[in-house]
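# Geometric and topological summary
Chain by chain, the residues:
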Amino acid sequence: MMDSPRHYLYTTPEGCCSQWYSGNPNCPMAEDDGIQEGFYWQVDEAFYPNFKGNYCAKGNSYPEWMADPTNRDTHLFETAEECCDLWFPDMTSECQQKV
């Protein structure tokens, strides 16, 4: 199996079955509950380091590589404080004020 979840996690059961059980009527497909929209690693809004301005920004305009599962825990945060504390520890207060 490929390393990246983008190659084996799908937003619909049909997508998975067509990839891994093509032509096989015995795909263990569950009903689509309609809850998940997009891939699990996509975040609508997060706080993330803005290296050009030395502060954390809020939104979904972060580079795609930040949302990669190997980077997400260290680049996308629920609060400005978490982001600023990790990336700009010497200027946490100033960083949070710029958000």
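Residues numbered from 1 in each chain as written. Predicted model: local features only at pLDDT ≥ 70, side-chain atom pairs only at ≥ 80, totals over all residues. Heavy atoms only, no water.

As enumerated under the stated definition, the model contains one salt bridge in all. Ionic pairing is found between Lys-58 and Glu-45, a salt bridge with its closest N-O pair at 3.8 Å. One end of the pair, Lys-58, is in strand β2 (residues 55-59); the other, Glu-45, is in the loop between α1 (13-20) and β1 (46-50), with 13 residues separating them in the sequence. Its relative accessible area of 52% is what places Lys-58 among the exposed residues. (Salt bridge = Lys/Arg side-chain N within 4 Å of Asp/Glu carboxyl O. Helix = DSSP H or I, 4+ residues; strand = E, 2+ residues; numbered from the N terminus. Buried < 20%, exposed > 50% of the residue type's maximum accessible area, 1.4 Å probe, protein only.)

What follows covers the environment of Pro-13. Structurally, the position occupied by Pro-13 is in helix α1. Along the primary structure Pro-13 and Pro-28 are separated by 15 residues, whereas in three dimensions their C-alpha atoms are 8.9 Å apart.

What follows covers the pairing of β1. Judged by how many residues are buried, β1 sits mostly within the fold: four of five residues are covered. Of the strand pairs in this sheet, β1 and β2 are connected by five bridges, and their pairing is antiparallel. Looking at the pairing, Tyr-48 lines up with Ala-57 of β2. The antiparallel hairpin formed by β1 and β2 contains four residues in its connecting segment, where Asn-54 sits at a positive phi of about 55 degrees. (Pairing = 2+ DSSP bridges.)

Taken by themselves, the reported measurements are silent on function.
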